[in-house]
Amino acid sequence: MSISLGQTSLSHVAISCTDLERSIRFYTQVLGLEVNESLGRHKGNIKLAIGAGTYIELFPFEMYQTRNQGTLVHFALNVTCLNTAMAFLESKGDPILRGPFDIRGFDEQLIVRRVAFIQGPDGEEIELVQSV
């Protein structure tokens with residue numbers, strides 16, 4: 001039996017950063033996100049809007065020192081065209097870590113998504129997802 005929380009979408013992902021300024025540069029200059037002050041600040045965190053109310057929250061490492069709090073395996077960003085996104089990232093000097101891969105539907109015939117992974121400044125993996 002599953003219980004629904006009534007969730008509708010991802011709200012945000014929080015990342016503890018060993019070098020907050022380096023992380024801000026990566027997420028703004030490489031991924032093109034913007035710092036969004038209207039989302040609020042709390043003890044030095046920075047919020048970067050992705051769209052549709054979703055954001056990435058960057059924290060100074062000293063605030064949480066996330067050891068033993070679990071590990072962020074990856075988070076995913078939807079992209080319009082995976083090939084274009086990969087070419088853009090490679091032009092910025094950020095190589096593709098893995099992929100691209102085709103994700104097939106239940107029938108194993110139809111490709112439903114194409115994905116590739118890059119790595120953020122603190123080792124976090126970022127999955128780029130193109131719906132097909």
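For the structure itself, consult the block above.
Conventions and cut-offs
Residues numbered from 1 in each chain as written. Predicted model: local features only at pLDDT ≥ 70, side-chain atom pairs only at ≥ 80, totals over all residues. Heavy atoms only, no water. Helix = DSSP H or I, 4+ residues; strand = E, 2+ residues; numbered from the N terminus. Buried < 20%, exposed > 50% of the residue type's maximum accessible area, 1.4 Å probe, protein only. Contact = heavy atoms within 4.5 Å. Areas by Shrake-Rupley, 256 points an atom, 1.4 Å probe, with all protein chains shown as cover. Salt bridge = Lys/Arg side-chain N within 4 Å of Asp/Glu carboxyl O. Polar contact = N/O pair within 3.5 Å; in protein donor to acceptor, adjacent residues only side chain to side chain.

The next thing to look at is the overall build of the protein. Helix and strand content of the protein: three helices and eight strands. Moving toward the C terminus, one meets the helices and strands of the protein in the order β-α-β-β-β-α-β-α-β-β-β. Expressed as a percentage of the 132 residues in the protein, the buried residues total 35%. For the protein, contacts bridging at least 24 residues in sequence account for 48% of all contacts bridging at least 6. If you sum the accessible surface of the protein, you get close to 8500 Å²; carbon and sulfur atoms cover 52% of it.

On to the pattern of salt bridges. Enumeration over the complete set of coordinates arrives at four salt bridges. The shortest N-O distance in the salt bridge between Lys 47 and Glu 57 comes to 3.5 Å. Of this pair, Lys 47 sits in strand E3 (residues 46–51) while Glu 57 is found in strand E4 (residues 54–60), placing the two residues ten residues apart along the sequence. For Lys 47, a relative accessible area of 9% puts it in the buried group. The class for Glu 57 is buried, based on a relative accessible area of 8%. Here Arg 98 makes a salt bridge to Glu 125, at a shortest N to O gap of 2.8 Å. Of this pair, Arg 98 sits in strand E6 (residues 98–104) while Glu 125 sits in strand E8 (residues 125–131), placing them 27 residues apart in sequence.

Time to look at the side chain of Ser 23. The topology assignment puts Ser 23 in helix H1 (residues 20–30). The exposure class of Ser 23 is buried, given its relative accessible area of 0%. A distance of 3.4 Å separates polar atoms of two side chains, one belonging to Ser 23 and the other to Asp 122. Not counting residues up to four positions away in its chain, the partners in contact with Ser 23 are Cys 17, Leu 58, Pro 121 and Asp 122.

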